[in-house]
Number of protein chains: 8
Amino acid sequence: MENTFEDLGFAKLDMSRQKRTGANETIYCPGKTTEQLIEILKTFHNNKCSVLGTRCSEEKFLAAKQANIPVTFDAVSKIIKLINTAPGPLPGKIAVCTGGTADLPVAEEAAQTAEFFGAEVERYFDVGIAGIHRLFAKLDNIRSADIVIAVAGMEGALGSVITGLVDSPVIAVPTSVGYGASFNGIAPLLTMLNSCAEGMSVVNIDNGFGAGMLACRMLRRIGKTHD
Amino acid sequence: MENTFEDLGFAKLDMSRQKRTGANETIYCPGKTTEQLIEILKTFHNNKCSVLGTRCSEEKFLAAKQANIPVTFDAVSKIIKLINTAPGPLPGKIAVCTGGTADLPVAEEAAQTAEFFGAEVERYFDVGIAGIHRLFAKLDNIRSADIVIAVAGMEGALGSVITGLVDSPVIAVPTSVGYGASFNGIAPLLTMLNSCAEGMSVVNIDNGFGAGMLACRMLRRIGKTHD
Amino acid sequence: MENTFEDLGFAKLDMSRQKRTGANETIYCPGKTTEQLIEILKTFHNNKCSVLGTRCSEEKFLAAKQANIPVTFDAVSKIIKLINTAPGPLPGKIAVCTGGTADLPVAEEAAQTAEFFGAEVERYFDVGIAGIHRLFAKLDNIRSADIVIAVAGMEGALGSVITGLVDSPVIAVPTSVGYGASFNGIAPLLTMLNSCAEGMSVVNIDNGFGAGMLACRMLRRIGKTHD
Amino acid sequence: MENTFEDLGFAKLDMSRQKRTGANETIYCPGKTTEQLIEILKTFHNNKCSVLGTRCSEEKFLAAKQANIPVTFDAVSKIIKLINTAPGPLPGKIAVCTGGTADLPVAEEAAQTAEFFGAEVERYFDVGIAGIHRLFAKLDNIRSADIVIAVAGMEGALGSVITGLVDSPVIAVPTSVGYGASFNGIAPLLTMLNSCAEGMSVVNIDNGFGAGMLACRMLRRIGKTHD
Amino acid sequence: MENTFEDLGFAKLDMSRQKRTGANETIYCPGKTTEQLIEILKTFHNNKCSVLGTRCSEEKFLAAKQANIPVTFDAVSKIIKLINTAPGPLPGKIAVCTGGTADLPVAEEAAQTAEFFGAEVERYFDVGIAGIHRLFAKLDNIRSADIVIAVAGMEGALGSVITGLVDSPVIAVPTSVGYGASFNGIAPLLTMLNSCAEGMSVVNIDNGFGAGMLACRMLRRIGKTHD
Amino acid sequence: MENTFEDLGFAKLDMSRQKRTGANETIYCPGKTTEQLIEILKTFHNNKCSVLGTRCSEEKFLAAKQANIPVTFDAVSKIIKLINTAPGPLPGKIAVCTGGTADLPVAEEAAQTAEFFGAEVERYFDVGIAGIHRLFAKLDNIRSADIVIAVAGMEGALGSVITGLVDSPVIAVPTSVGYGASFNGIAPLLTMLNSCAEGMSVVNIDNGFGAGMLACRMLRRIGKTHD
Amino acid sequence: MENTFEDLGFAKLDMSRQKRTGANETIYCPGKTTEQLIEILKTFHNNKCSVLGTRCSEEKFLAAKQANIPVTFDAVSKIIKLINTAPGPLPGKIAVCTGGTADLPVAEEAAQTAEFFGAEVERYFDVGIAGIHRLFAKLDNIRSADIVIAVAGMEGALGSVITGLVDSPVIAVPTSVGYGASFNGIAPLLTMLNSCAEGMSVVNIDNGFGAGMLACRMLRRIGKTHD
Amino acid sequence: MENTFEDLGFAKLDMSRQKRTGANETIYCPGKTTEQLIEILKTFHNNKCSVLGTRCSEEKFLAAKQANIPVTFDAVSKIIKLINTAPGPLPGKIAVCTGGTADLPVAEEAAQTAEFFGAEVERYFDVGIAGIHRLFAKLDNIRSADIVIAVAGMEGALGSVITGLVDSPVIAVPTSVGYGASFNGIAPLLTMLNSCAEGMSVVNIDNGFGAGMLACRMLRRIGKTHD
């Protein structure tokens, strides 16, 4: 396995990540100056690579556009995208569910990340357990997905309930939605880690991106022939 | 309101608590020596009072019996009781539910405390959300109760789910059942505090006793005439 | 039990909650965009439903008004209300007490929530334990309530003291009032969870809304006939 | 979907879980008395079901055997098994890796759980990052697995390193191995949740069982045809 | 100020502490071997010094006695004492109060430490706020003390209540009495640190010894003439 | 003891606190609206009382002045004062020490609170342990004080070092000065609670006010005659 | 050892620190007013001393320049410098590595601090473990350094990996880069404290300054002759 | 760099660690069975390697001896050693200091680890800050060391005080000595991380071993010639 990178000094862009891990490098925008971000985007553009950046501010996006990089931006998920070649489609289907409306930004980060890498995504928003019949009304659809991403804040019980009702793997994403003893997402994080429903795992608080990336890894395995 | 107490030096037994708060004093057994516990029980017995003690060891119970105090003991809930006059019955009904089998000791502490003070209790054990149809099978019964006590460890989502399905007040009791990131009950405690279902409140981890006491206060208010 | 909801895509409004849980759905405003909030309010208004929203900003309220929805707003509690049919009165009476003046916003959230659902509320503010005679001066009034909501920050001992002095159920609400080792309300939360006074339970930090909702559930049970 | 359960009073055995979630119910042994465990095992045995129990003590295993239930026990993983019909094989392959030797019990819990449900498992133990060449020596084998389970205590960096080197999904299991500021597994748990390597998710501390269950759900999806 | 110490290698006994800080060195017994403790006690005895040791096990005490050191031991407070010259009496009076009976060991550590250094101590045990009339019954006595030590576990509100009722300085000692969300004394510690009653300070959890030492420093200042 | 208060509805001003606790009521300004603060100040002014308010913003001070209340304000300590009759002088002397320059606001809150109630205060700033000779240069002065207030952030070791060198009681005040693992003052708080130097106690993080109040209680006891 | 300081009242500048600890005093700018900072800088300038200040705002720097103090400022590291005599060069070489681009400010604080005191520094940025080949590409250079400073946020595993690959001492600096369960740097802090790689130690979160200072102390020892 | 290991299945012994990191592999004994430990020791013995194991129980040591492996054991530090070839001496000198007597086991782990790898160690025990003259009495000796290891529990201020007084690098080791709010060593850990004295770094709680290993890495660099 030959590994290469582009060395910008302040950053070393991993150009062999796709070969190694199935998906090319992505950009975590916070903590990078606008100048650094633009230089990184340009490097990918010059290499005719597509790239996705998360938690991008609108200011940085506008500056990148001003610098003539053909990026697009989604205000809900704060995702910035540079697309040079559309990613080939992945087999299977992902269901992204949320407990409430306030979980949307994280859910969209998950959904759009997965879509960027070629996955088919269905959205089921505001199906939390305070009115569990809303979840049951969508259950057949959710059960038909190959992977479920369950996004929830506050008490974060959505993942457990779904895991007990479907047979596909569930990725739970705790969100920082809530107040007081939610402790910015610790409460749903602990809920999800302690689930008595088997077949679920957890990513970092508000990490829709990570859930989308993991779901894509799972989809890539689907349809593979084993002898 | 005249308030009195029996002063044993190491303890001052509150003999006016019943008049003041509706229920007479109870005994928290840990941290009291066997000698102290016996002296306390004798004082209540000499005053022809009933009294309930929580978290009692079998050793202390046997010593009290040896000292000719007519106490009884329940090995599951660790409750010791001295009954001199049966408490008058309370109106209404309490449903005590648990997420799993391991929550039984806490659930029994709640149930038996409430029964000691005259309440009618129905038990619905192991109806946790990993197999939510078990809860639905009992839902009509649970809905008929005036108060629901929901006892759960691990992710502790039982209370939220029930609160979304019934119209009576719900008292949630987190238990220390679990391991790892349950942090001895912090996980279900936080889950319950952050519930998006409205109409639930929480007591201390493993505090079945407190839930039972509170439920009795609620029952005492039922049937009261208001002009 | 027939359960229905209005599906707005980003939100699924639970139209059967009242039948199921005794109170219709409410709105947690944070994390919803102004556009989403307006669409939700309009849906309720078109269905001739009353609805209450918590933690609403003044900006969102003004935008809703601008959109010709007949909402009202309380600047202390940050509650937004849409009233189409006045809720029928509930039996009994709630006493809302605070430790200090800074606890008022949370106390008003509790009081106004309960009043929205038809409860009678009496307010006893700034009766904290640093000058306990202020509490004793009001004790007879507080004792006459069917439920006490005790709102306190800092050390949060108000709930325990009251619970030891009355015979009605007490709902304790920790507030984030304080600094340093109050840790934004963890200190009073722990105080309340560990109360040695029996007959009290706790809701989330600053969750006046939840306390008001629970109190209403309790009141609904009062006056019920049991055979 | 028809859901059924066997009601033992203290437990309600979920007999429809396999149909619903792909794997039949399992037993969490702690907090259950020996008598309860035996009754549960007997019920499964009478129904000709296989069942797996975790965190079983040797005492409970011996008592079950004494009661003529044909169970087997593994002293490293503390797994008790009752096998009536061998589970059909799952497609694909799981690699279970550990950072050190002390992580073996958790790794074996993961491996044996997966094997119980029909998965093929390969073990790569003690390949932690203090001597990273040990990991590189096994990398080609690990890369050929469809799912990697990375079990590590102390700083728990194994999962991140592997995720950066393979293209299959990685399930990270933090263990309580360590001392001091490992805080019984919080350190590796946080490490894993904060991984900058994309394609990994996390289960509870020491939860080898959960990792194994999730891996099986993933394998079940492999080989499925999508049209 | 000439400072000296006896160097035993594993310990350097501070022989000038009394001159410097008003009280001679004391011994924290945990973590010292029996042999080390005996050698330390012998050194003090040979220098005709009195010395007090805290948290001593009965085994270590018996070994010291066996070694012919004229020590005495109190089983409640776990204090070991070697008295060669009785300390001169201190002016004023200390009131030691506890919330409950289980706080006695800590309260006795405080009281006996203060008595060892010549203070007069009065004990008021089990005057916690669940039955606040017990405290009021003793209030005149407590108000007459120059310093109050308030020892309490669980919610730990005793100190605040007393501080609001007396005019002398109050030293609050949180204890590890309680369970669940008391977190081994964190709950009362936070309560005490956040007291809205002014005139109180706090020592470590279960640190009766420290409270007693501080009270003695305060007493030493009383009666001093200032020009 | 006759206890009275002025009832403003949102606040109940304790007018008997001085008789009861030695110092009249003070005002915690955060969480009070400007209107509430002005009404409180006016009530005290009309009763010809002096009063001290902490954590006051400059805006609130200017509004109070605008309202013709003769208040003064100190920008470092954020203390607002209304003085009608100068408090009688207290016996003895307080030394206020800080570890660094950034601890000044908290130290001044302590010093000015004590001075408001009639105490003599000496200031020793920036004598932290990184250059311990600075502390030794001032040690004789510090030793002559009746009480030492040790204010320190970061590692907060100043209190322990001083306690080991003087014979007067020491009140330690942790500050939120620092970053990272100081966790807004938790680090120095824990340091101070765990001091192996005997004769020190601790108040809340940044609570200079509380330290000043407690010091005054101690001073009031000095010079009292005991028979 | 003669120790001296300049007493400015609010600060006591340690003029003997260099003789005592090898490096002269430095300034922690937060919590100091602009006036205090200028007075401190002037005092050093008048004494012809060089001095370095950390976490300086641009405003304070500009004010100091306005006051005619010949300071320089670095916007990335927020370091302000006053150089009167260039420090003599130190033997050896320091390698400063970062996991990502967002760690640069902390890394620069470390590097520039070390350079201020005369050290030679080499920078290796963005060599984190998600693309570990980037680290291997630089490994020979890093191995040639006498000390490695490993700066990383998120999971913070960089230090462990490097420590396992080099033979020089490693100083790990956790950064607050990340979100959610990174808890502002707690996650990498714990990772680094729990490293199973031997030969590494840790400084405070974001404390590049401390790492640079420690590295200089190490370098000063290199080349020393021992007999 | 050629890297090799011995593969025992449950363990992969790193035989190239010495070449890579300067010190050969060591054994963390907890979590390894006696059988595994013996097999590991035998493998090192057969390879004529010396090896050091930490946190070894006496039982495991005796079993290893029984198995004819020529190991030695130190009961204070719990270190087990197998010595085949004495390590060459390292240049320079290490001073190991402790705050109290109870810190000895951790201090000895540090000292004996360093001695095992050829370092010269001097011990200065019980020089904590409660009697700071004991530290000053030894200061000249401590200043002559090339590296200081400061071991302390409780408030853990020893490291800061020493760092302010010497010019060599200081490695601070927090210990779990203490109780209550020491939280098993969190208090001294935070103290040390927040030190305002520059030139110190920290290892894990009770990690004397890590401090000794790091000190040896530093010593190896001393005396190296740089051109």
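As the structure is a computational prediction, the values presented were derived from the model and not from experiment.

Draft legend 1. Examining the overall build of chain A more closely. Each helix and strand in chain A was counted, giving 8 helices and 11 strands. Whereas a compact globule of 227 residues would reach a radius of gyration of roughly 17 Å, chain A reaches 18 Å, a difference of no more than 12%. Classification of the 227 residues of chain A by burial places 68% in the buried group. In chain A, the proportion of contacts linking residues at least 24 apart, taken out of those at least 6 apart, comes to 68%. Of the roughly 7,100 Å² that chain A leaves accessible, carbon and sulfur atoms contribute 49%. Separation between the mean location of the 21 positive side-chain charges and that of the 24 negative ones in chain A comes to 4 Å.

Draft legend 2. Structural context of the relation of the copies chain D and chain H. By a simple turn and slide, chain D fits onto chain H: the slide is 0.0 Å along the axis, the RMSD is 0.0 Å, and the turn is 90 degrees. The superposition operator between the copies reduces to a four-fold rotation axis. When C-alpha positions in chain D are compared against the rotation axis, the closest is assigned to Phe183 of chain D, at 7.4 Å.

Draft legend 3. Structural context of the confidence of the model for chain A. Mean pLDDT over chain A stands at 93; residues scoring 70 or higher make up 97%. Interface confidence in the predicted complex, given as ipTM, is 0.95; pTM for the same model is 0.96.

Draft legend 4. Structural detail: the relation of the copies chain D and chain A. Superposing chain D onto chain A requires a rotation of 180 degrees together with a translation of 0.0 Å along the rotation axis, leaving an RMSD of 0.0 Å. The relationship between the two copies is best expressed as a two-fold rotation axis. A shared interface surface links the copies, since 100% of the contact residues of chain D are contact residues in chain A too.

Draft legend 5. Representation of the domain arrangement of chain A in the model. Residues and elements named next belong to chain A. Per the domain assignment, the segments making up chain A are domain 1 (5-82) and domain 2 (93-226). Contact with domain 1, which involves 16 residues of that partner, is made by 14 residues of domain 2. In terms of surface lost to domain 2, no three residues of domain 1 exceed Leu52, Arg55 and Val76, which account for 29% of the buried area on that side. At the boundary of domain 1 with domain 2, the tally comes to 0 salt bridges. Connecting domain 1 to domain 2 are 4 residue pairs in polar contact (both at pLDDT 80 or more). Contributing elements (two or more residues each) for the side of domain 1 that touches domain 2: strand S4 (51-54) and strand S6 (79-82). Within the side of domain 1 that touches domain 2, the residues separate by chemical class into 6 nonpolar, 7 polar and 3 charged.

Draft legend 6. The pattern of salt bridges, seen in detail. Under the counting rule described, the total for this entry stands at 104 salt bridges over all chains. Between Glu25 of chain D and Arg134 of chain B there is a salt bridge whose closest N-O contact spans 3.8 Å. One end of the pair, Glu25 of chain D, is in the loop between helix H1 (17-21) and strand S3 (27-28); the other, Arg134 of chain B, is in helix H5 (residues 133-137), on a second chain. Note that Glu198 of chain H and Arg17 of chain G form a salt bridge whose closest N and O atoms lie 3.9 Å from each other. Separated into two different chains, Glu198 of chain H in the loop between helix H8 (186-193) and strand S11 (200-202) and Arg17 of chain G in helix H1 (residues 17-21) make up a pair that spans both. Among the residues examined, Glu198 of chain H registers a relative accessible area of 14% and is labelled buried. When its relative accessible area of 5% is taken as the criterion, Arg17 of chain G is described as buried. Residues participating in the shared-partner salt-bridge network are Asp14, Arg17, Arg20 and Glu25 of chain A, Glu198 of chain D together with Asp126 and Arg134 of chain G.

Draft legend 7. Main features of the pairing of strand S8 (residues 121-124) of chain D. All names here are of chain D. By the bridge criterion, 4 bridges tie strand S7 (residues 94-98) to S8 in an arrangement that is parallel. Opposite Ile94, over in S8, you have Val121 as the bridge partner. Between S7 and its parallel partner S8, the chain crosses via helix H4 (residues 104-116), and the hand of that crossover is right-handed.

Draft legend 8. A look at the interface of chain D and chain A. On the side of chain A, 39 residues touch chain D, which itself brings 39 residues to the contact. Carbon and sulfur atoms supply 51% of the area that chain D and chain A bury against each other, a total of about 3,400 Å² over both sides. Taken together, the connections running from chain D to chain A amount to 6 salt bridges. A per-element tally of the side of chain D that touches chain A places helix H9 (residues 208-221) of chain D first, with 6 residues. Looking at the side of chain D that touches chain A residue by residue, the classes come out as 16 nonpolar, 13 polar and 10 charged.

Draft legend 9. Broad picture of the sheet that holds strand S3 (residues 27-28) of chain E. Residues and elements named next belong to chain E. In space, the 4 strands of this open sheet follow the order S3-S4-S6-S5, with mixed pairing throughout. Of all the strands in the sheet, just S3 and strand S5 (71-74) have a single pairing partner and so form its edges. Helix H4 (residues 104-116) contacts strand S4 (51-54), S5 and strand S6 (79-82) of the sheet and is inclined by roughly 10 degrees relative to S6.

Draft legend 10. Fine view of the interface of chain D and chain H. Each side of the interface is counted separately: chain D has 19 residues, and chain H has 25 residues. Taken over both partners, the interface formed by chain D and chain H buries close to 1,600 Å², and the fraction arising from carbon and sulfur atoms is 59%. If you sort the residues of chain D by the area they bury against chain H, Thr101, His133 and Tyr179 of chain D come out on top, with a joint share of 39%. Our enumeration of links across chain D and chain H arrives at 2 salt bridges.

Draft legend 11. Highlighting the sheet that holds strand S3 (residues 27-28) of chain B. Residue and element names in this part refer to chain B. Sheet architecture is open: 4 strands sit in the order S3-S4-S6-S5, paired in mixed fashion. Among the strands making up the open sheet, the edge pair consists of S3 and strand S5 (71-74). Sheet topology places strand S4 (residues 51-54) next to strand S6 (residues 79-82); 3 bridges connect them, and they run antiparallel. Each bridged residue has a counterpart across the sheet, and for Val51 the counterpart in S6 is Leu82.

Draft legend 12. Region of interest: helix H8 (residues 186-193) of chain E. Counting buried positions over the 8 residues of H8 of chain E gives 7, a clear majority of the element. For H8 of chain E, every residue scored as buried is listed here: Ala187, Pro188, Leu189, Leu190, Thr191, Met192 and Leu193 of chain E. Packing partners of the buried residues in H8 of chain E comprise helix H8 (186-193) of chain C, strand S9 (147-152), strand S10 (170-174) and strand S11 (200-202) of chain E together with helix H8 (186-193) and strand S11 (200-202) of chain F.

Draft legend 13. Just the packing of helix H4 (residues 104-116) of chain G against helix H8 (residues 208-221) of chain G, in detail. Residues and elements named next belong to chain G. Interhelical geometry of H4 versus H8 gives an angle of 35 degrees and a closest axis separation of 7 Å. Here H4 and H8 pass one another in a crossing that is right-handed. Listed contacts from H8 to Val106, Glu109, Ala110, Thr113 and Ala114 of H4 are Gly208, Phe209, Gly212, Met213 and Cys216. Broken down by class, the residue content of the contact of H4 with H8 amounts to 6 nonpolar, 3 polar and 1 charged.

Draft legend 14. Region of interest: the pairing of S7 of chain D. Residue and element names in this part refer to chain D. Among the 5 residues in S7, 5 count as buried, and that is most of the element. Side-chain alternation along S7 places Ile94, Val96 and Thr98 on one buried face and Ala95 and Cys97 on a second face that is also buried. The sheet contact formed by S7 and strand S9 (residues 147-152) spans 5 bridges and is parallel. By the bridge assignment, Thr98 is partnered in S9 with Val151.

Draft legend 15. Structural context of the packing of aromatic side chains. Summed over the entire model, instances satisfying the criterion amount to 28 aromatic pairs over all chains. Ring centres 5.6 Å apart and planes at 70 degrees place the aromatic pair Phe136 of chain D and Phe136 of chain G in the edge-to-face group. Remark: Phe136 of chain G occurs in helix H5 (residues 133-143) and Phe136 of chain D occurs in helix H5 (residues 133-137); the pair is interchain, linking two chains. Over the ring of Tyr179 of chain A we find Arg55 of chain C, and its NZ or CZ is 3.6 Å from the ring centre.

Draft legend 16. Seen up close, the packing of helix H2 (residues 34-46) of chain F against helix H3 (residues 58-66) of chain F. All names here are of chain F. Viewed as axis vectors pointing N to C, H2 and H3 meet at an angle of 50 degrees, and their least axial separation amounts to 10 Å. When the interaxial angle is binned, H2 and H3 end up oblique. In this structure, H2 meets H3 at a crossing whose hand is right-handed. Residues Thr34, Leu37, Ile38 and Leu41 of H2 lie in contact with H3, whose contacting residues are Lys60, Ala63 and Ala64. Per-class residue counts for the contact of H2 with H3 are 5 nonpolar, 1 polar and 1 charged.

About the cut-offs
Residues numbered from 1 in each chain as written. Chains lettered and ligands numbered in written order. Predicted model: local features only at pLDDT ≥ 70, side-chain atom pairs only at ≥ 80, totals over all residues. Heavy atoms only, no water. Helix = DSSP H or I, 4+ residues; strand = E, 2+ residues; numbered from the N terminus. Rg over C-alpha atoms; globule rule 2.2 N^0.38 Å. Buried < 20%, exposed > 50% of the residue type's maximum accessible area, 1.4 Å probe, protein only. Contact = heavy atoms within 4.5 Å. Areas by Shrake-Rupley, 256 points an atom, 1.4 Å probe, with all protein chains shown as cover. Lys, Arg positive; Asp, Glu negative; His and termini not counted. Charge placed at Lys NZ, Arg CZ, Asp CG, Glu CD. Least-squares fit on C-alpha atoms with pLDDT ≥ 70 in both. pLDDT = per-residue confidence, 0-100. Domains from an automatic or database assignment. Buried area = accessible area lost by both parts, 1.4 Å probe. Salt bridge = Lys/Arg side-chain N within 4 Å of Asp/Glu carboxyl O. Polar contact = N/O pair within 3.5 Å; in protein donor to acceptor, adjacent residues only side chain to side chain. Nonpolar A, V, L, I, M, F, W, Y, C, P; charged D, E, K, R; others polar. Pairing = 2+ DSSP bridges. Right-handed = clockwise from strand over helix to strand, strands pointing away. Axes fitted to C-alpha atoms, helices over the stretch in contact; angles between N-to-C directions. Left-handed = near helix turned anticlockwise from the far one by under 90°. Phe/Tyr/Trp six-rings, centres within 6.5 Å; stacked < 30°, edge-to-face > 60°. Lys NZ or Arg CZ within 6 Å of the ring centre and 35° of its normal. Parallel < 35°, antiparallel > 145°, perpendicular 65-115°, else oblique.

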